[in-house]
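Here are the chains, one letter per residue:
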Amino acid sequence: MRVLIADDHDLVREAIGAFLVAEGDCEVATAGTLAEALNLVKDQGVFDLVMLDYNMPGMNGLDGLQKMIAENQSNPVAIISGTTTKALAEEAISLGAAGFVPKTLGAKSMISAARFMAAGEIYAPFNFMQKKSEKSGDLLTDRELEVLHGICRGQSNKEIARDYNLHEATVKLHAKTLSRKLGAKNRTHAAMIARDRNLV
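The present account deals with the structure reproduced in this document. (Residues numbered from 1 in each chain as written. Predicted model: local features only at pLDDT ≥ 70, side-chain atom pairs only at ≥ 80, totals over all residues. Heavy atoms only, no water.)

1. A short note on the nonpolar core
The cut-off we apply is this: Take the buried residues of types Ala, Val, Leu, Ile, Met, Phe, Trp, Tyr and Cys, join any two whose side-chain atoms come within 4.5 Å, and each joined set is a nonpolar core. Burial here depends on accessible area, computed with a 1.4 Å probe over protein chains only, as a share of the maximum for the residue type. Under 20% is buried, over 50% is exposed, and the range in between is partly exposed. Numbering goes from the N terminus for both helices and strands, where a helix is a DSSP run of H or I of at least four residues and a strand is a run of E of at least two.
Within the largest apolar cluster, 26 residues are counted, with the highest numbers of intra-cluster contacts made by Leu 4, Leu 52, Leu 65, Met 68 and Ile 79. Put simply, the parts of the chain that give this core at least two residues each are β1 (2-6), β2 (27-31), α2 (34-44), β3 (49-53), α3 (63-71), β4 (77-81) and α4 (86-94). It is α2 that contributes the most residues to this core, 5 residues altogether.

2. Some points on the pattern of salt bridges
Just so we agree on the cut-off: Salt-bridge detection follows one rule: a side-chain nitrogen of Lys or Arg within 4 Å of a carboxyl oxygen of Asp or Glu.
One pass over the full model with this rule turns up 7 salt bridges. Its salt-bridge partner being Glu 27, residue Arg 2 comes within 3.6 Å of it at the nearest N-O pair. Linking Arg 2 in strand β1 with Glu 27 in strand β2, this pair joins segments that are 25 residues apart in sequence. The partner of Glu 144 in a salt bridge is Lys 181, with the nearest N and O atoms 3.0 Å apart. Remark: Lys 181 occurs in helix α8 (residues 168-182) and Glu 144 occurs in helix α6 (residues 142-152); sequence separation between them is 37 residues. Each member of the pair, Glu 144 together with Lys 181, is buried. Through salt bridges with shared partners, a single ionic network connects Asp 7, Asp 53 and Lys 103.

3. Topic: the pairing of β2
Test applied: When DSSP finds two or more bridges between a pair of strands, those strands are recorded as paired. Handedness rule for crossovers: strands pointing away from the viewer, path from the first strand over the helix to the second running clockwise, crossover right-handed.
Across 5 bridges, β1 lies against β2 in parallel orientation. The residue of β2 that forms the bridge with Ala 6 is Ala 31. Between the parallel elements β1 and β2, the chain passes through helix α1 (residues 10-21) in a crossover that is right-handed.

4. Quick word on α3
Quick note on the threshold: An arc is given here, and it is the one of the directions from the helix axis to the C-beta atoms. Whether two residues touch is decided by their heavy atoms; if any such pair falls within 4.5 Å, the residues are in contact.
Residues of α3 that are buried: Gly 64, Leu 65, Met 68 and Ile 69. Take α3 and look down its axis: the buried residues cluster within an arc of 135°, on one side only. Elements in contact with the buried residues of α3: β1, α2, β3, β4 and α4. Once α3 ends, the next one or two residues include Gln 73, with phi positive near 55°.

5. Re the environment of Pro 102
Structurally, Pro 102 can be placed in strand β5 (residues 99-102). On the accessibility criterion, Pro 102 (7% relative accessible area) is buried. Residues Pro 102 and Thr 85, spaced 17 residues apart in sequence, show a C-alpha to C-alpha distance of 9.6 Å.

6. Points about the sheet that holds β5
Where strands meet in a sheet, backbone hydrogen bonds hold them as pairs that are either parallel or antiparallel. Defined as follows: Axis lines are fitted through C-alpha atoms, for helices just across the contact stretch, and the angle between N-to-C directions can take any value from 0 to 180 degrees.
With parallel pairing, 5 strands are arranged side by side in an open sheet as β2-β1-β3-β4-β5. Among the strands making up the open sheet, the edge pair consists of β2 and β5. Neighbour to neighbour, the strand axes of the sheet diverge by 20° on average, direction disregarded. As judged from the 4 bridges shared by β3 and β4, these two strands associate in the parallel manner. Each residue of the ladder has a partner; that of Asp 53, found in β4, is Ile 80. Taken strand by strand, α2 contacts β1, β2 and β3, and its axis lies near 140° from that of β2.

7. What to know about unusual backbone geometry
The residue Asn 60 is not glycine, and still its phi comes out positive at about 50°. Along the chain, Asn 60 falls in the loop between β3 and α3. By relative accessible area, Asn 60 is classed as exposed at 59%. Its identity as a non-glycine residue notwithstanding, Ser 74 has a phi of 65°, on the positive side. Along the polypeptide, Ser 74 turns up in the loop between α3 and β4. The class for Ser 74 is exposed, based on a relative accessible area of 60%.

8. Brief notes about the layout of surface pockets
Defined as follows: Using only the protein atoms, space was sampled on a 1 Å grid; points where a 1.4 Å probe fits but cannot get out form cavities, open sets with protein on both sides within 12 Å along at least five of seven lines form pockets, and lining residues are those with an atom within 4 Å of a point. Grid points are joined across faces, edges and corners, and a volume is the space filled by probe spheres set on the points. For this scheme, ten residues count as nonpolar: Ala, Val, Leu, Ile, Met, Phe, Trp, Tyr, Cys and Pro. Four count as charged, namely Asp, Glu, Lys and Arg, and the remainder, Gly too, count as polar.
Put simply, the second largest pocket is a space of about 300 Å³. Glu 91, Ser 94, Leu 95, Arg 143 and His 174 are the residues nearest the centre of the second largest pocket, which is lined by 16 residues in total. Every element with two or more residues in the lining of the second largest pocket is listed here: α3, α4, α6 and α8. The element best represented in the lining of the second largest pocket is α4, accounting for 4 residues. For the lining of the second largest pocket, the residue count by class is 5 nonpolar, 6 polar and 5 charged.

Take a look at the structure:
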C-alpha cells in the first residue's frame, strides 16, 4: 500500500508514517505543503491513499482536497485535522474525501482507518456517519439537501449551481455523494427515495 502523508508538522508526519511502516507492507511518502504533495503525485504516480492536513500551507480550506482528488485520479484522499467538528467532517466527505481523521487517533486506529480508506470505504470517527435515518435524512448535509431539492425539481447541475451560487463541479460532487448515501442508482432514483422518505 502506497500512502502519501502531507502535513506541515514534522512530528505528525513522522508519527503517522511510523505507524503505517511498522505494519510492514506500507510504503510512505511525506510532504510539508499541498504544493509538495501535488508534485510528489505528479512525479511518483498515484497513491493508494493520500492524507492531507486541513490547515497546512496551500490547502485554502477544502480547495486543496479537490485539487488532490483530481491529481490522484480519484484514488482515496482523506483529511487529517487537529480540530475535529461534525460540520467540517461532513463537508469534507460531501466533497469527495475518503475520510476525516483526527490526529488524536491511536496507532491501531490510524492503521485501521488508513486500510479502510485505501480499500475504498469512507472513514469518520462519528456515529452520525453510520446512522441512517429513514425519515429525516440526517445523513445528508444542508448543502446536499439543497442539491437534492434541485434534483427533485428536475433541474440540471448548471441550474442548481446558479440557484445556490455554487460551481457546477461542486454540485456534481454533492449529487454523487448524496446518491451514494441514499443508495440511489441515479438522479431519478435519488428523487424517488427523497420523496418516499419525505426529505423534500
